[in-house]
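Each chain is listed here by its residues.
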Amino acid sequence: MEIILKYFSDFTPEQMSQFGSLKDLYEEWNTKINVISRKDIDALYEKHILHSLSIAAIADFQPGTEILDLGTGGGFPGIPLAIFFPEVKFHLVDSIGKKIKVVEGVAEALQLKNVTTAHSRVEDIKNRKFDIVVSRAVAPLKDLWRWSKPLLKKSTVPGKQFEKGLICLKGGDLAQEISESGVKPRLIDVYDIFPEDSFKEKYILMAKS
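No experiment lies behind these values; they were computed from the predicted model shown. (Residues numbered from 1 in each chain as written. Predicted model: local features only at pLDDT ≥ 70, side-chain atom pairs only at ≥ 80, totals over all residues. Heavy atoms only, no water.)

1. Some details on the overall build of the chain
Next up, step 1: Along its length, the chain carries 9 helices and 7 strands.
Next up, step 2: Relative to the globule expectation of 17 Å for 209 residues, the C-alpha radius of gyration of the chain, 16 Å, shows essentially globular dimensions.
Next up, step 3: Expressed as lengths along the three principal axes of its C-alpha atoms, the size of the chain is roughly 40 × 40 × 30 Å.
Next up, step 4: Taken across its 209 residues, the chain has 53% of its residues classed as buried.
Next up, step 5: Partitioning the contacts of the chain with sequence separation of at least 6, the portion at a separation of at least 24 is 69%.
Next up, step 6: Summed over all atoms, the accessible surface of the chain reaches about 10,400 Å², with 48% contributed by carbon and sulfur. (Helix = DSSP H or I, 4+ residues; strand = E, 2+ residues; numbered from the N terminus. Rg over C-alpha atoms; globule rule 2.2 N^0.38 Å. Buried < 20%, exposed > 50% of the residue type's maximum accessible area, 1.4 Å probe, protein only. Contact = heavy atoms within 4.5 Å. Areas by Shrake-Rupley, 256 points an atom, 1.4 Å probe, with all protein chains shown as cover.)

Here's what the structure looks like:
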């Protein structure tokens, strides 16, 4: 928890309690359903929660914004972002049912009223649009953009730095992946935001619709 407070300080008591509860909740769930590797559970706040919050450091989502977390896994980045932005609506989706069960359990324990979930493939989401799609190391950028584009609302407010689109967290050498995607994303180095060794060669990619 200390590493979160190293970079963020303006939390309500409720948010502090919610962030503080995450380790116990994930440790408990991980004994039943392994959604976080054993070696990472001790570094949960740095490698999963703070990593997720790198998006909050560069994007100020406005109240009422609707965000899809595509392939949420155990709830990252969606759960930390939902705590950070209580007035923003998050829909967390994964094709693996047991992972969604963990997400639902964590969201319920934290009483996150701005989180909905679905056990679904992203291709099966119909009749619903979102302002932003977020994702964390789920698939190549080419596929993420192909899945995201039909689900994004049309931008109606021109001129803003980032109005509608895809924000994904990725690592490593991304040159070929970006080239093959046909997308020209804005690339932000997470290490520039949070200078911790674990974030070297970790990036935020932002693609506008």
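2. A look at the environment of Phe8
Next up, step 1: Position of Phe8 among the secondary structure elements: in the loop between α1 (2-7) and α2 (13-32).
Next up, step 2: Taking relative accessible area as the criterion, Phe8 reaches 12% and is therefore assigned buried.
Next up, step 3: Here the alpha-carbon distance between Phe8 and Thr117, two residues 109 residues apart in the chain, equals 27 Å.
Next up, step 4: Excluding anything up to four places from it in sequence, Phe8 contacts Leu50, Leu53, Ala57, Phe84 and Phe194.

3. So, the packing of α2 against helix α6 (residues 97-109)
Next up, step 1: Look at α2 against α6: their axes get within 11 Å of each other, and the N-to-C directions meet at 145°. Crossing geometry of α2 relative to α6 is assigned as right-handed. Contacts from Leu22, Leu25, Tyr26 and Trp29 in α2 reach Lys101, Val102, Gly105, Val106 and Ala109 in α6.
Next up, step 2: For the contact of α2 with α6, the per-class residue count stands at 7 nonpolar, 1 polar and 1 charged. (Axes fitted to C-alpha atoms, helices over the stretch in contact; angles between N-to-C directions. Left-handed = near helix turned anticlockwise from the far one by under 90°. Nonpolar A, V, L, I, M, F, W, Y, C, P; charged D, E, K, R; others polar.)

4. Here we look at the sheet that holds strand β4 (residues 132-136)
Next up, step 1: Read from one edge to the other, the open sheet built from 7 strands follows the order β3-β2-β1-β4-β5-β7-β6, with strand pairing classed as mixed. Looking along the sheet, the strands with just one partner apiece sit at the ends: β3 (115-119) and β6 (186-189). Shown here is a sheet whose adjacent strand axes are inclined to one another by a mean of 20°, direction ignored.
Next up, step 2: Of the pairings in the sheet, the one linking strand β2 (residues 89-94) to β3 comprises 5 bridges and is parallel in character. Across the sheet, Leu92 pairs through a bridge with Thr117, a residue of β3.
Next up, step 3: Along the sheet, helix α7 (residues 141-148) makes contact with β1 (66-70), β4, β5 (165-171) and β7 (202-208), crossing β5 at roughly 155°. (Pairing = 2+ DSSP bridges.)

5. Remarks on α7
Each α-helix turn comprises 3.6 residues. Residues three or four places apart therefore point the same way.
Next up, step 1: Counting buried residues along α7, 6 of its 8 residues qualify, which places the element largely inside the surrounding structure.
Next up, step 2: Among all positions in α7, only Leu141, Asp143, Leu144, Trp145, Trp147 and Ser148 are buried.
Next up, step 3: Here the buried face of α7 lies against β1, β4, β5, α8 (175-181) and β7.

6. Section: the packing of aromatic side chains
The geometry of an aromatic ring pair is captured by the separation of the ring centres together with the interplanar angle, meaning the angle of the planes.
Next up, step 1: What the rule picks out here adds up to 10 aromatic pairs.
Next up, step 2: With a centroid separation of 5.9 Å and 70° between ring planes, the pair formed by Phe8 and Phe194 is classed as edge-to-face. Here Phe8, found in the loop between α1 and α2, pairs with Phe194, found in the loop between α9 (190-193) and β7; they are 186 residues apart in sequence, far enough to count as distant.
Next up, step 3: Members of the aromatic cluster, connected to one another through ring pairs, are Tyr7, Phe8, Phe11, Phe19, Phe61, Phe84, Phe85, Phe194 and Phe199.
Next up, step 4: Above the ring of Trp29, the side-chain terminus of Lys32 is found at 4.5 Å from the ring centroid. (Phe/Tyr/Trp six-rings, centres within 6.5 Å; stacked < 30°, edge-to-face > 60°. Lys NZ or Arg CZ within 6 Å of the ring centre and 35° of its normal.)

7. Some remarks on α6
Next up, step 1: End to end, α6 covers 18 Å across 13 residues, agreeing with the expected 18 Å (1.5 Å per residue, within 8%).
Next up, step 2: Every buried residue of α6 is accounted for by Ile100, Val102, Val103, Gly105, Val106 and Ala107.
Next up, step 3: Of the surrounding secondary structure, the elements contacted by the buried residues of α6 are α2, α5 (78-84), β2 and β3.
Next up, step 4: One or two positions beyond α6, positive phi appears at Gln111, with a value near 55°. (Expected span 1.5 Å × (residues − 1).)

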